[in-house]
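So you can see what is in the structure, the chains are spelled out below.
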Amino acid sequence: MAGQLKTYGFINAKIRSRLGQLLSDRDFSNLMKSSSIEEVVTALGSTVYAKELEQYAATGDVRAVEFALYSHEIETVGELRQYLQGPAADFVEALLLRYEVDTVKNALRFWYDRNVRGRTETEHSSYLYHGRLVHSIDIDGILNATDSGKLVDAVAGSPYEAVLSRNLDRIENEHQMFYVEIELDSLFYTTLMNRTAQLSKQDRQVAERVIQVEVDLENIDRIVRFVSFYGSEKQRSWNVFLPGGSIGFDVLREAFRQRGPEEALNILLTQHYSSYKSFTGEHKSNPYERLHLVENLLRQILSDEVRRLLRGYPFTIGTLLAYVFLKRKEISQLVSIINAKYYGLSEEGIRELL
Amino acid sequence: MITTTSMQQLVAAVLKSDMEAATEALLKVGVIDFIDVREIPADWTSRLERLPATEDREKARELRLRLDAYFRTVDFTPQVKANEAGSGQKPGQKNESVQEQSQGQEPLDLSEAEREIDKLGGEFRKIRDKQKEVQEEILRLQELRRQMPDEGERSTGRSGSGSSGRAGGPALAKGSHAYITVHTGVLPKENRAAFGKEIGKLPSVYLPEQGSAAAERAASNGASSAGGGEPIDFLITLKRDNSRVEGLLEKYGWEERQYQEGSGDGQDKTRLPVEELDAKLESLRYKQQELDEGLSRTVEERSGTLERLWTGLRMRELLRTIQGYYRKTERTYLFSGWLPAEKKEEVTKTLMKATEGRCYLEWHTPHKGGDPEVPKQVPVQMKNPEALRPFQSLVENYGIPTYGSIDPTPMVAVFYLAMFALMFGDVGHGLVVLLVGLIGDRRSRKRGKKTMIFPLISYCGAAAIVSGALFGSYFGTALLPPLWFDYHGIVAGHDGGAGSVKTMSDILLLTIYFGIAVITTGLVINWVNRIRKHDWFGLVWGNGGLLVGWIYAAGTYTAFYFAGHNYKELPDGPVLLVLLGLPVLLLAAKPVLEHIRHNRGVPPQQRHSVNVLDMIMEWLVELLEIFSGYLSNTLSFMRVAGLGIAHVSLMMAFFQIAEMAASNGNFTIWSYLILLLGNALVIGLEGLSAGIQSLRLNYYEFFSKYFAGNGRAYAPISLRSE
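Residue numbers here run from 1 along each chain, matching the order of that chain's written sequence. Key to labels: chains lettered from A, ligands numbered from 1, both in the order written. Local features in this predicted model are restricted to residues of pLDDT 70 or higher, and side-chain atom pairs are both shown and tallied only at a pLDDT of 80 or more, whereas totals for entire chains, interfaces and linings draw on every residue. The side-chain values count all of the structure's non-hydrogen atoms but skip hydrogen atoms and water molecules.

Q: Help me understand the packing of aromatic side chains in this model?
A: Any two aromatic rings considered together are summarised by their centre-to-centre distance and by the angle between their planes. Residue and element names in this part refer to chain B. Note on aromatic pairs: the rings of Phe, Tyr and Trp (six-membered ring only in Trp) are paired at centre separations within 6.5 Å, and the planes decide the class, stacked below 30 degrees, edge-to-face beyond 60, tilted for the rest. Inspection of every chain in the model, using the stated rule, returns 45 aromatic pairs over all chains. Measuring from ring centre to ring centre gives 4.7 Å for Phe-703 and Phe-707, while their planes differ by 20 degrees; the resulting arrangement is stacked. When sorted by exposure, Phe-703 lands in the same class as Phe-707, which is buried. Within the aromatic cluster, the residues linked to one another by ring pairs are Tyr-398, Phe-415, Phe-514, Phe-637, Tyr-699, Phe-702, Phe-703, Tyr-706 and Phe-707. Each residue gets one of three labels from its accessible area relative to the maximum for its type: buried under 20%, exposed over 50%, partly exposed in between, using a 1.4 Å probe on protein chains only.

Q: Can you walk me through a nonpolar patch on the surface in this structure?
A: Residues and elements named next belong to chain B. Residues Val-610, Val-612, Leu-613, Ile-616, Met-617, Leu-620 and Val-621 make up a contiguous nonpolar surface patch of about 640 Å² in total accessible area. Structurally, the position occupied by Leu-620 is in helix α21 (residues 612-636). Given the relative accessible area of 42%, Leu-620 is considered partly exposed. Patch members must show over 30% relative accessible area and no salt bridge, and they are joined within 9 Å when carrying like charges or within 5 Å when they are nonpolar side chains of Val, Leu, Ile, Met, Phe, Trp or Tyr. Only the protein chains shown count as cover for residues, with accessible areas throughout obtained via the Shrake-Rupley method and a probe of 1.4 Å. Counted as salt bridges are all cases of a side-chain nitrogen of Lys or Arg within 4 Å of a carboxyl oxygen of Asp or Glu. Each helix corresponds to a stretch of at least 4 residues labelled H or I by DSSP, and each strand to a stretch of at least 2 residues labelled E; elements are numbered beginning at the N terminus.

Q: Whenever I open this one, the nonpolar core confuses me. Can you help?
A: Proteins that are soluble and globular tend to have nonpolar side chains buried together. Residue and element names in this part refer to chain A. Nine residue types can take part in a nonpolar core, namely buried Ala, Val, Leu, Ile, Met, Phe, Trp, Tyr and Cys, and a core is a set of them joined through side-chain atoms within 4.5 Å. Counting 94 residues, the largest nonpolar core has Phe-91, Leu-108, Ile-142, Tyr-160, Ile-220, Ile-223 and Leu-320 as its most contacted members. With 17 residues, the top contributor of residues to this core is helix α6 (residues 86-116). Note on definitions: a residue-residue contact is assigned when non-hydrogen atoms from the two residues lie within 4.5 Å. Setting aside chain neighbours within four positions, we find Phe-91 in contact with Leu-192, Arg-195, Thr-196, Leu-199, Ala-207, Ile-211, Ile-317 and Leu-321.

Q: Would you explain unusual backbone geometry in this entry?
A: Note: most residues except glycine have negative phi, and most peptide bonds are trans. All names here are of chain B. Positive phi, close to 55 degrees, is recorded for Glu-356, a residue that is not glycine. Topologically, Glu-356 is positioned in the loop between α11 (344-354) and β12 (359-364). One non-glycine residue, Phe-475, lies in the positive phi region at around 50 degrees. Among the residues examined, Phe-475 registers a relative accessible area of 37% and is labelled partly exposed.

Q: Would you mind showing me how to read the interface of chain A and chain B here?
A: Much of the literature gives interface size as the accessible area that the parts lose upon coming together. Every contact between the two is made by 29 residues of chain A and, on the other side, 27 residues of chain B. Across the interface of chain A and chain B, roughly 2,500 Å² is buried in total on both sides, 45% from carbon and sulfur atoms. The quantity reported as buried area is the accessible area (1.4 Å probe) lost by two parts once they are put together, taken as the sum for both. Considering only the side of chain A, the residues that lose the most area to chain B are Glu38(A), Asn144(A) and Tyr342(A), jointly responsible for 22% of the buried surface there. Linking chain A with chain B are three salt bridges, by the criterion used here. The closest approach of N and O atoms between Arg114(A) and Asp241(B), which form a salt bridge, is 2.1 Å. Counting only elements with at least two residues in the side of chain A that touches chain B, the list comes to α3 (37-43), α4 (50-59), α5 (62-82), α6 and α7 (139-143) of chain A. With four residues, α4(A) is the largest single contributor of residues to the side of chain A that touches chain B. Each residue gets one label: Ala, Val, Leu, Ile, Met, Phe, Trp, Tyr, Cys and Pro are nonpolar, Asp, Glu, Lys and Arg are charged, and the others, such as Gly, are polar. In terms of residue class, the side of chain A that touches chain B is built from eight nonpolar, 13 polar and eight charged.

Q: Is there a simple way to explain helix α6 (residues 189-199) of chain B in this structure?
A: Since the α-helix advances by 3.6 residues per turn, residues separated by three or four positions end up pointing in the same direction. Residues and elements named next belong to chain B. Inspection of α6 places Arg-192, Phe-195 and Ile-199 among the buried residues, and these make up the whole buried set. Down the axis, α6 shows its buried residues gathered within 85 degrees of arc, on one side only. Among the exposed residues of α6, those oriented more than 90 degrees off its buried face are Glu-190, Ala-193 and Lys-197. Turning to α6, the residues buried within the fold contact β6 (204-207), β7 (233-238) and α8 (242-251). For this quantity, the arc is that covered by the directions from the helix axis to the C-beta atoms.

Q: Can you help me understand a positive patch on the surface in this one?
A: All names here are of chain B. Taken together, Arg-442, Arg-443, Lys-446, Arg-447 and Lys-449 make up a surface patch of like positive charges. As for its placement among the helices and strands, Lys-446 is situated in helix α14 (residues 427-446). Relative accessible area serves as the criterion here: at 68%, Lys-446 is assigned to the exposed category. This count recognises Lys and Arg as positive and Asp and Glu as negative, with His and chain-terminal groups excluded. Where a charge sits is defined by one atom per residue type, namely NZ (Lys), CZ (Arg), CG (Asp) or CD (Glu).

This is the structure in C-alpha cells:
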C-alpha cells in the first residue's frame, strides 16, 4: 500500500488537477455550434490547446493544427513517464509505443504508395512525428528508402525490423500492406501486455482489464468491418485478430465466419458484454450506419470502463490510464470538429460523425 | 447594504403599435429583470399567447457571434463595445453607446448582414488559403532542409583555405547525406522559368547560375574547374524523387556538368546551399506572417461597415430577447419584470414618454403574506459600495441570499479581514501583499480584465499591516514595540507584556472568543431573517433558531464556568436546568409541532400518522447535532491561532538559520539571503493558507447558521448584458 502511494501519490495529484481542465460536454456542444473555424479557434484560445490552435493563424493549414494536437498528446504521455520509475514507467513507455507504431505505419504507407503503387502525387510526409519515442527509428530513412533493403535498414535494431523483413514479399509482390499493419498492431499490444505483467498485482489487475477491453473492441470493430464489407471466403481465412483480449480466438473465429454483422456482433457480445447486447437490436440497413452504430457502442463500453477506473482506488495505474484515454478521446473529437468546421459541416453533421 | 435591494414587480400593457418603441425604451433604461407573464400565479395569464417565435433573435445572435470571432482573430474591438464596457474610450472621440450609434440607422436586414459577414469570411478564407499554399512550399523545403547538416556540423570544407568567398554551405562528402541528390549543370535560359515551376512541386532547391561565382573562387584559389567561367545551375532534390527529377531534367534540356572545387584529395565535393535554404524558409514564414496581418487590414478597411453591422445585430438581439418575454392579446402586448424600487419612477417616465401615455402599468410589492399574484422568486440585488465588492463576490461565489434577507457582505468583510489579520499579522509581509494587490489590480485594469482578487489581496495586506503593528512584527522582527501584545514573545515562551494576552492559551482563548462572536452574529442574522419573513416557528424551533441560540449560550457559559473552576465544577443544578434543560425540553416539542402544522387543513384520511419513537429519535439526533456541531464550529476557530503561531514560528526558525550563517555575530550575505527566501516562502505559503482558511471559516462556520443561498440573482437586460 505504501509502495503504491509512493509511486502514484505525486502523479495522481497532477493528473487529478488536469482532469479538471478537460473540456466538458458543454464545451464540445458550443464548439459544434460554432459557425466558422475562426470561432472554434478563438473559443479554444483560453484552453490548454491555445498554442496548438495558433498554428492555424500562422499557417492557414488545418493539418498543421492536427499535427500540433497529435504532438501535444504524445508529449502529454511522454511527460507522465518521467514522473514514474520501474515497471510503471516501462508501462507508460509501452503506451508511447502506440504512437511510434502509428508513425511507422504512416511512413510505410507513404513509401508503399510511392514505391510499390507508383503514385507520385502523394500526401507529403511532413506531418509525421520525427522525435524519438521508444526506439531510434529513422523515419526519413523509411520515407526516402529507394528499395526494400534500405527500408529494413531504416528500422534496423528495432522490433520493426523483423516484422518488415517477414512481410516484404507480401508488400512488394502481393501489394498487401494489411499484414504488416496487423503485425505492427499486434507488436504494440503484445509489448503492452508484457509490460503489464511486470506491474504490481493491483496495477496488473487494473491495466489488464482496460487493455483487454480495448483489444476486444479493436477485434470486434475489425470483424464487423470485414463481415460488412469483405465477403470473400479467402479474406475470411485471414488472421485479423489482435492478441490480449478477453474474447477467445475461437469465439472471434466463429464470429468472423458469420454472414452478417448482426450475427457476428451477437456472438461477440454474448460472453463478456452482454449488458450491451440491446444495442444490437437497432437495425440499420446501410452497412456504414451499422458500423457507425457499432463503433459508438464500442466507444461507450470503453468510456464506461474508464469511468469505473476513476471511481476506483486512486493509487494505481488506473487514474493514469483513464487520463490518457480521456485525453486521446478529447483530442480526437477536437480534430474532428476542427476539420468539420473547416469544411463547413453543420452541427447536426458533426454530431452524426461523433 | 444591510439587506438586499427592495424590488418592485411591474406588469405592463402597451399597444401593438407602441411595442417597438416601448422595447427600445426598456432596453435603454436597462433595469428590468424580465419574467414570463405566465409566472404570475393568476388564471388569466395562462390564456395569453406568446409572440411568434423570434428566430431572428437567434439569427442575429449567431451572426453577431460570427462577427465577434472574426474580430477576436485580429484583436479588433468595435468602439461601441469598448464604450459599453467602459474601457478603450478614446479622449476627444465620440464615445457612442450601442443605442446611440444605432439611432438613425436603417433597420437591419439580416440576410444582407449575413451576406456581408459571408463576404468577410470569404476574404478570411482566401488569405488562409494563400497561407496554406505558402505552408506547402515551406513543408517541401523543410523536408529537404532536414537532410542537411545544421550549424554545428558545418566545416570550412576546404583545407588550408579561409572563407570560400560565397557564404555557402558545408562541403558534402560523397556518400554522406544519402537522401539528397545534388545536380550541377546547365539549363537553357528560356526553360528555367517553366522548369522552376515544375521542380517546385517537389522538395527541391533550384539555384540557377551559381556556378559563375564558384568558378571565380576556383580561379582565384588556383583550383581548376571543368565549368570554369560557365554559369552552373545547382539543383538539390531528394533521392526518392530521382525518377521524376530525371524526367524533368531531360524534358527541359538539362546538361550535367561536373563542379569541382579542387582540394587535392581526389574527393568530389559540392557545397550545400544551407544558408540560401534557411533564408528562403525565413522569407516564406515572413510572408505567412504578412498574410496573417492582412486579416487585420481586411477588417480595418471596412471597420465602419462592420461596426455598424455589429451594433445593429447587437441591438436586434437584445430587443428580441426582451420581446421574447412578451405575451400578446389581439391588440396589446403584456410584459412583466422586476426592478429595484428606486427605479420605479424612472421606468414609469420612460415608458410613458415612449408610448405617449398609451400604456397601463401595475406595480406590486413583494412581501410575506402579501399579494398572492406576486411570483415567489424575487430576484436579488446586493448593492454594496465599490469598496465592498470583493467581499460581495465572495458571498456570490457561495450563493445568492434569498430576497429580503440580510446581505452578509459587510459582516464578511469584517470577519474575513479580522481572521486574515490574526493569522498573518506582520507589517512587512502585509506591505508586500498590499503591493502585490495594488500592482496586480492596476495591470488587470490596463488589460481590461478587472477581477476582484487583487483588490481582495490589497485589503488583506492592509489588514495584516494593522495586525502586524498590534503584534509588533516587522518582517518577523520586533522593530517597534507592539501596540497590543507581543505575539513573537509569547510564541518564544516569554511573557506577553502587561496586557490581557500573555500566553499561548490566551491567544487560543482570544480566537475562541472571536469564534463565539462570529457564530453568534450568524445566529442573530438568522433570527432577523426569520422575523422579516414572519417565520415564527422557524425563529424559535428552526435550525439556528432561538432555542438553539439559547442552548449555545448556555453551553458556552457552562464550558467557561467549568474551565474557570479548574475543570472540577459545573454550575448548580437548578441553573443548569434553566440554562440547558429547559431549551432541550422545549426542543422536544418541535417534531410534535411540525406534525401538527403539517397536518393542518389536511383531511383526516390523508394525514400522516404519529410515530412517537421517530419523534424521539429526531429530537435526540437534533440535540446531538447541536451540541457536537456548535462545539466543533467554535473550536474550529482555534486554527486562526494555530496559523498565526505557525507564521511566527516559521519566521523565528528562519532567523535562527540566518544566525547560524552569521559570522562573529554579524549577519553575512548568506544570512540576508536566507531571510529573504524565508520571508518569500512565508508570505507565499502562509498568505495562501490564511486566505483559504478565512474563506472556509466564513463559508462553513458563519454561513451555515443562516445562509440559504437559493436566491436568484437580479439580471436585467441592458446594453451591457452578455
